[in-house]
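# Report on the structure
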Amino acid sequence: MSIVAVRHAAVSYGGRAVLHDISLDIDAGQVVAVLGANGSGKSTLIRTILGLVPLGGGAIELFGTPQRKFRQWARIGYVPQRMGAGSGVPATVGEVVASGRLARRGILRPSGAADREAVRAALADVGLLDRIGDPVSTLSGGQQQRTLIARALAGRPDLLVLDEPTAGVDAASQDAFAAALRRFGAAGGTILLVAHELGPIEPLIDKAVVVHEGRIAYQGAVPEPAGHHAQPGHDHVHPHAEIERARICVAPTDRMPAS
Amino acid sequence: MDLFQYDFMIRALIGALIIGLVAPALGIYLVQRRLSLIGDGIGHVALTGVGVGLLLHQSPVYTAVIVSVLGAIGVELVRERGRTSGDLALALLFYGGIAGGVVLVGLSEDSSNANLMQFLFGSLTTTSRQDLTVIAVLGVAVLVAMLGLRQALFAVCNDEEYARVSGLPVRTLNLLMAVTTAVTVTIAMRTVGLLLVSALMVVPVAAAQQVTRGFRTTMTAAMAIGVGAAAAGIWLAGEANTAPGATIVILAIAAFVALTVGSTTWRILRRRLAPARSGIGVEAEPPDVVLQVGVR
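Residues numbered from 1 in each chain as written. Chains lettered and ligands numbered in written order. Predicted model: local features only at pLDDT ≥ 70, side-chain atom pairs only at ≥ 80, totals over all residues.

### What about the overall build of chain B?
We apply this condition: We count a stretch as a helix when DSSP gives it H or I for four or more residues in a row; a strand needs E for two or more, and each element gets its number in order from the N terminus.
A count of helices and strands for chain B gives 12 helices and zero strands. Helices and strands in chain B line up, N terminus first, as α-α-α-α-α-α-α-α-α-α-α-α.

### A word on the overall build of chain A
Note the threshold: For the exposure call, what matters is how many other C-beta atoms sit within 10 Å of a residue's own: 20 or more marks it buried, 12 or fewer exposed, and in between partly exposed, using C-beta atoms placed from the backbone.
Summing up its helical and strand segments, chain A has seven helices and 10 strands in all. Within the span of chain A, comprising 259 residues, buried residues form 41% of the whole.

### Digging into the interface of chain B and chain A
Inclusion rule: Contacts are defined on C-beta atoms placed from the backbone: any two residues whose C-beta positions lie within 7 Å are in contact. Each residue gets one label: Ala, Val, Leu, Ile, Met, Phe, Trp, Tyr, Cys and Pro are nonpolar, Asp, Glu, Lys and Arg are charged, and the others, such as Gly, are polar.
Contacts between chain B and chain A engage 28 residues on the former and 24 residues on the latter. Contributions of two or more residues to the side of chain B that touches chain A are made by α1 (7-32), α7 (150-158), α8 (160-165) and α11 (215-240) of chain B. Broken down by element, the side of chain B that touches chain A gets its largest block of residues, six residues, from α7(B). The residue makeup of the side of chain B that touches chain A, split by class, is 12 nonpolar, nine polar and seven charged.

### Quick look at the confidence of the model for chain A
All names here are of chain A. Keep this limit in mind: Confidence scores here are pLDDT values: one per residue, from the predictor, ranging 0 to 100.
On average, residues of chain A score 84 in pLDDT, and 85% of them reach the 70 mark or higher. Least confident of the elements in chain A is helix α7 (residues 226-230), whose mean pLDDT is 50; most confident is helix α2 (residues 93-98), at 95. Within the model, pLDDT remains below 50 along residues 228-259, and this stretch shows 32 contacts once partners closer than five positions in the same chain are excluded.

### Focus: the packing of α1(B) against α11(B)
All names here are of chain B. For clarity, the threshold we go by: Axis geometry follows a simple rule: fit a line to the C-alpha atoms, using only the stretch in contact for helices, then measure angles between N-to-C directions, giving values from 0 to 180 degrees. By the definition adopted for this analysis, an angle is roughly parallel if under 35 degrees, roughly antiparallel if over 145, roughly perpendicular if from 65 to 115, and oblique otherwise. Put simply, a crossing is left-handed when the front helix is turned counterclockwise from the back one by less than a right angle, and right-handed when it is turned clockwise.
Direction vectors running N to C along α1 and α11 enclose 155°, while the axes themselves pass 8 Å from each other. By the angle between their directions, the pair α1 and α11 is classed as roughly antiparallel. Remark: the crossing between α1 and α11 carries right-handed chirality. In this structure, α1 uses M9, A12, L13, A16, L17, I19, G20, L21, A23, P24, A25 and I28 to contact α11, whose residues at the interface are T218, M219, A222, M223, G226, V227, A229, A230, A231, G233, I234 and G238. Class assignment of the residues belonging to the contact of α1 with α11 gives a composition of 19 nonpolar, five polar and no charged.

### Details of the nonpolar core
Selection rule: Note on terminology: a nonpolar core is a set of buried residues of type Ala, Val, Leu, Ile, Met, Phe, Trp, Tyr or Cys, with members joined through C-beta atoms within 7 Å.
Of all hydrophobic cores here, the largest spans 159 residues; its most connected members are A:V161, B:A46, B:L200 and B:A252. At 14 residues, the largest contribution of residues to this core is made by α1(B). Once you skip the residues sitting within four places of it in the chain, B:A252 turns out to touch B:A199, B:L200, B:V203, B:P204, B:A207, B:I225 and B:A229.

### Describing the sheet that holds strand β5 (residues 65-66) of chain A
Residue and element names in this part refer to chain A. Defined as follows: Strands are labelled as partners when DSSP assigns at least two bridges between them.
Strands sit in the order β2-β1-β4-β5 across an open sheet of four strands; the sheet is antiparallel. One side of each edge strand has no neighbouring strand; the edge strands of this open sheet are β2 (16-27) and β5. Pairing geometry for strand β4 (residues 57-62) and β5, over two bridges, is antiparallel. Of the residues in β5, the one forming a bridge with E61 is P66.

### Things to note about the sheet that holds strand β3 (residues 31-35) of chain A
Residues and elements named next belong to chain A. The six strands lie next to each other as β6-β7-β8-β3-β9-β10, forming an open sheet whose pairing is mixed. Of all strands in the sheet, those bounded by a partner on one side alone are β6 (76-79) and β10 (215-220). When strand polarity is set aside, the average angle formed by the axes of neighbouring strands in this sheet is 15°. Judged from the four bridges that link them, β6 and strand β7 (residues 159-163) form a sheet pairing that is parallel. Of the residues in β7, the one forming a bridge with V79 is L162.

### Some thoughts on helix α10 (residues 197-208) of chain B
With 12 of its 12 residues buried, α10(B) lies for the most part within the structure. For α10(B), every residue scored as buried is listed here: B:V197, B:S198, B:A199, B:L200, B:M201, B:V202, B:V203, B:P204, B:V205, B:A206, B:A207 and B:A208.

### Examining the environment of B:R34
Mapped onto the fold, B:R34 is located in the loop between α1 and α2 (38-55). A residue is classified by how many C-beta atoms lie within 10 Å of it, and B:R34, with 14 of them, is partly exposed.

### Focus: the confidence of the model for chain B
Residues and elements named next belong to chain B. Put simply, chain B has an average pLDDT of 85, and 90% of its residues get 70 or more. Element-level pLDDT for chain B is lowest in helix α12 (residues 244-295), with a mean of 72, against a maximum mean of 95 in α11. Across residues 278-296, confidence stays below pLDDT 50; counting only partners more than four residues off in sequence or on other chains, it has zero contacts. For this predicted complex, the interface score ipTM comes out at 0.84, while the overall pTM is 0.85.

### As for the environment of B:G41
Along the polypeptide, B:G41 turns up in helix α2. It is 26 Å that separates the C-alpha atoms of B:G41 and B:L13, two residues lying 28 residues apart in sequence.

### Section: unusual backbone geometry
Of note in the backbone geometry, A:F63 takes a positive phi value of approximately 50° without being a glycine. By the element assignment, A:F63 lies in the loop between β4 and β5. Residue A:F63 is classed as partly exposed on the basis of its C-beta count, with 17 C-beta atoms lying within 10 Å. Even without glycine at this site, B:R34 takes up a positive phi of about 60°.

### Comments concerning α11(B)
The cut-off we apply is this: In this analysis, the expected span of each helix is defined as 1.5 Å times one less than the number of residues it contains.
In this model α11(B) runs 36 Å from its N-terminal to its C-terminal C-alpha over 26 residues, within 8% of the 38 Å that 1.5 Å per residue would give. Among the residues trailing α11(B), B:N241 stands out with phi positive, at a value near 55°.

### Section: the pairing of β7(A)
Residues and elements named next belong to chain A. Note the cut-off: The handedness rule is simple: strands pointing away from the viewer, and a clockwise path from the first strand over the helix to the second, make the crossover right-handed.
For β7, the buried fraction is high: five of the five residues fall into the buried class. Burial along β7 is two-sided: the face carrying L159, V161 and D163 and the face carrying L160 and L162 are both buried. Two strands pair when backbone bridges link them, and β7 and strand β8 (residues 190-195) are joined in this way by five bridges, in the parallel orientation. Looking across to β8, one finds that V161 is bridged to L192. Since β7 and β8 lie parallel, the crossover through helix α6 (residues 171-186) that links them has a hand, and here it is right-handed.

### Points about the packing of α1(B) against helix α6 (residues 129-148) of chain B
All names here are of chain B. With their axes 9 Å apart at the nearest point, α1 and α6 run at an angle of 25° to one another. Taken as axis vectors, α1 and α6 run roughly parallel relative to one another. Handedness of the crossing formed by α1 with α6: left-handed. Contact residues: α1 offers R11, I14, G15, I18, L21, V22, A25 and L26, while α6 offers R129, L132, I135, A136, G139, V142, L143, M146 and L147. A class-by-class count of the residues in the contact of α1 with α6 yields 13 nonpolar, two polar and two charged.

Have a look at this one:
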């Protein structure tokens, strides 16, 4: 079954077209990475899928239901780029992660033992259970990112949507994060993520979608990083046994060698 | 303590305690959303409602509730759009509110400076039995909403986009916040006055978060500080013959200063003590090394 189906989607901001004629299918259990340069429209694409940006044209279906009629939001776990700015009051890691249970529980029912258990399990999954009572403001950027992933996982979603989850995240957090995603995928979960740099999650990706100037420029196996590949001593085993085909040079600024 | 043998002082105390409890319970969400001054703005708008009430010979509390609820919904709709002109729209609304209030109160038959001052700075001791009933009923309603919907309101104020993707009724919750803010402003009008309302929503929260680590503990501590400041303020105002509303606010600010100084001192002391402790550890190490060398 198609978890996400996008048909000829178009989006514009204040009269300026940002996405043109996007069609995309994500099947159950797939791990899909949306790649592209800054300003290519990759974040807008997933925000449109989530309903945060209004669709200008075309159609989007989530779990087989037209987006406008979709109500089972508990099936989707969203991980934003960074912690919200609205943090004038201290909040503990546990309290932030507990927000992830609301979609499943509803806003009127008080939280119970099952909720507390799910929060602890999600924090254990990202390796932050020992920080459950600490204020989120005392965490590093990478740990805050893991807290947001735990919040999404706490709702036990079927689809995880992540917006640049590894941007500016330390190596330890990237590894913990990749491990959590691997377990989520192994349990049958579907993942859609936007990334700038794949890092340790690269082996997990089933399909890459490259967005360039508001259009899908490429869909298929993860494109080879232009720079790394040419480096001496490069020992990269490509996990996809697909027939070699002509690759487009995508988002050149992202894949440039660090020189 | 003799003061509390008078009914009006008892009513003043009960009214102040209710506001002291309710205002921070609501204010914590406003602070979390960095809208600390919104209560002040709504207070300005409520003054127009007071003017309308006096002009029409209606209870100013009821007309103030209606006008400030409309004003708060207007503010929320402007905020939701997120336009850059929102800041300017708010300024227009606030100053329009206070100017309209002053003009309307002036036009009413009951126009006197004392009357205007009553609403601007509170007149707790003139709280009637009927006023107190209104304060209690509305106060309990706001409190139940703030405590009962704590997790949902926390989610919306903490990360609105995430709340929307979670399928929460974000708009309804935002409007609920706007309406309860307006209601709290109006019932607090009697206690601290429209110009000091915002202080009771924000200052106890600011004081509490100097020493707390989580949202729930901050909320509980802020409510305790609010009630404490209200009770102590009424007593002190009676003893020293000062304005009760202003006395309550000054005590809340005193709590903020005391907790800030206290927690900063504690942090500095702990930092000073920590190296001293590890210093002992360093000194304790050499004998072990010597011992190991001796064994070998």
